[in-house]
Amino acid sequence: MSATVDTLLKDIRNKRIAPVYLIHGDEPFYLDKIADELEKVVVPVAERGFNQFVLFGKDADVGTVLNNARRYPFMADRQLVLVKEAQQLNGIKDKQGQQLLESYAMEPLGSTVLAIFHQEPLDERKGWVKAFASKGVLLGVKKLYENKLVDWVGEYCRGRGVKISPKACQMLVESIGNDLKRMAGEVDKMLLNLRVDEEISATTVERLVGISKEYNVFELQKALAQRDVLKANRIVDYFGRNAKDNPAVVVLAQLYQYFSRVLLVQASKDQSERGLASVLAVNPFFVKDYLSAARAYPMVKVADIIHAIRRADAQAKGIDTPALSEGDILKELIFSVLH
């Protein structure tokens, strides 16, 4: 059967365990989370020494995995054979190896739970992949799109029983990007230092994660929307002096997304905050900033800005450009945006 991450985790916690699992995709956070949950639930702690096996693809082959799966548990009802980084498993890309996996999946041993975690997307039309779906659980997990990250942070915090402000969410996303494992780690670190019922605010993020509340891309976008020349230049000067923590390619990607959304605002027939929040796929909290920028820059100027960001991105990647520092590239861009 197919599943979602949430339903699968719920099933595992409720001990509704399938005989075979095939979890694949390019989001390691969810692969690790599902693997950890199976390790916690399938085999009791006292029996794990003899009945829980964790194999890594680079150190094993299909035959080794299936030999382990076909053995019987030692003085127990069930064993767990868990294969991590299966994309490196010797034989998994070969027709013979896939046929062996398909044969096992179609007739799995009732006392074994075989869970394979493949950190690359698989073709779910293939016979061996379909066999896992037929007799157990097949789940593909993809990296989140950038416009879903803020919602993900909010949802993760709610799941941990804490509130987080929209600005704090945005600061985390802009600083960390699409690395859910690191994001979750930073949130968990903050939780250890929060008082009961304390909200995660922008100040909390600045204090506990080390992200500057004043010098970040969110504040740069706000300064540009307000055409605040002094503040915008202070921020890019800070970025230039701290290039390791504020790489130009990341800043430019976020500015490109920001001004692309400004263009969407200008092109949208529905100018209500609720309507624009839906069009932009952002929290309504941020719509006013986009409206402010849309009023500050004519549509033709926004198109020019997007072109300038693309040119700056090529410069930052060393394409057809003299040797400019990241700070100089950002300063030139901000000048062209504001003038």
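Values in this document were obtained by computation on a predicted structure and should not be read as measured data. (Residues numbered from 1 in each chain as written. Predicted model: local features only at pLDDT ≥ 70, side-chain atom pairs only at ≥ 80, totals over all residues. Heavy atoms only, no water.)

**Some thoughts on the environment of V187**
Relative to the assigned elements, V187 resides in helix α9 (residues 180–191). For V187, a relative accessible area of 0% puts it in the buried group. Spatially, the C-alpha atom of V187 lies 8.7 Å from that of V209, the residues being 22 residues apart in sequence. (Helix = DSSP H or I, 4+ residues; strand = E, 2+ residues; numbered from the N terminus. Buried < 20%, exposed > 50% of the residue type's maximum accessible area, 1.4 Å probe, protein only.)

**Re the UniProt feature "domain: DNA polymerase III delta N-terminal" (unreviewed entry) in the protein**
Sequence positions flagged by UniProt for "domain: DNA polymerase III delta N-terminal" (unreviewed entry) are, in local numbering, residues 21–139. Helix makes up 40% of residues 21–139 and strand 22%, with an end-to-end C-alpha separation of 8 Å. (UniProt positions renumbered as here; feature names shortened; annotations may be inferred.)

**Considerations on the UniProt feature "domain: DNA polymerase III delta subunit-like C-terminal" (unreviewed entry) in the protein**
UniProt marks residues 214–317 with the feature "domain: DNA polymerase III delta subunit-like C-terminal" (unreviewed entry), using the numbering shown here. End-to-end, the C-alpha atoms of residues 214–317 are 27 Å apart, and along that stretch the chain is 75% helix and 0% strand.

**Considering the sheet that holds strand β5 (residues 137–141)**
Read across the open sheet, the 5 strands follow the order β2-β3-β4-β1-β5; overall the sheet is parallel. In this open sheet, the two strands that pair with only one neighbour each are β2 (52–56) and β5. Ignoring which end each strand starts from, the neighbouring axes of this sheet average 10° apart. Where strand β3 (residues 79–84) and strand β4 (residues 112–118) come together, 5 bridges link them in parallel fashion. What sits directly across from L82, in β4, is A115. Sheet strands in contact with helix α6 (residues 127–135) are β1 (20–25), β4 and β5, and its direction is about 125° off that of β1. (Pairing = 2+ DSSP bridges. Axes fitted to C-alpha atoms, helices over the stretch in contact; angles between N-to-C directions. Contact = heavy atoms within 4.5 Å.)

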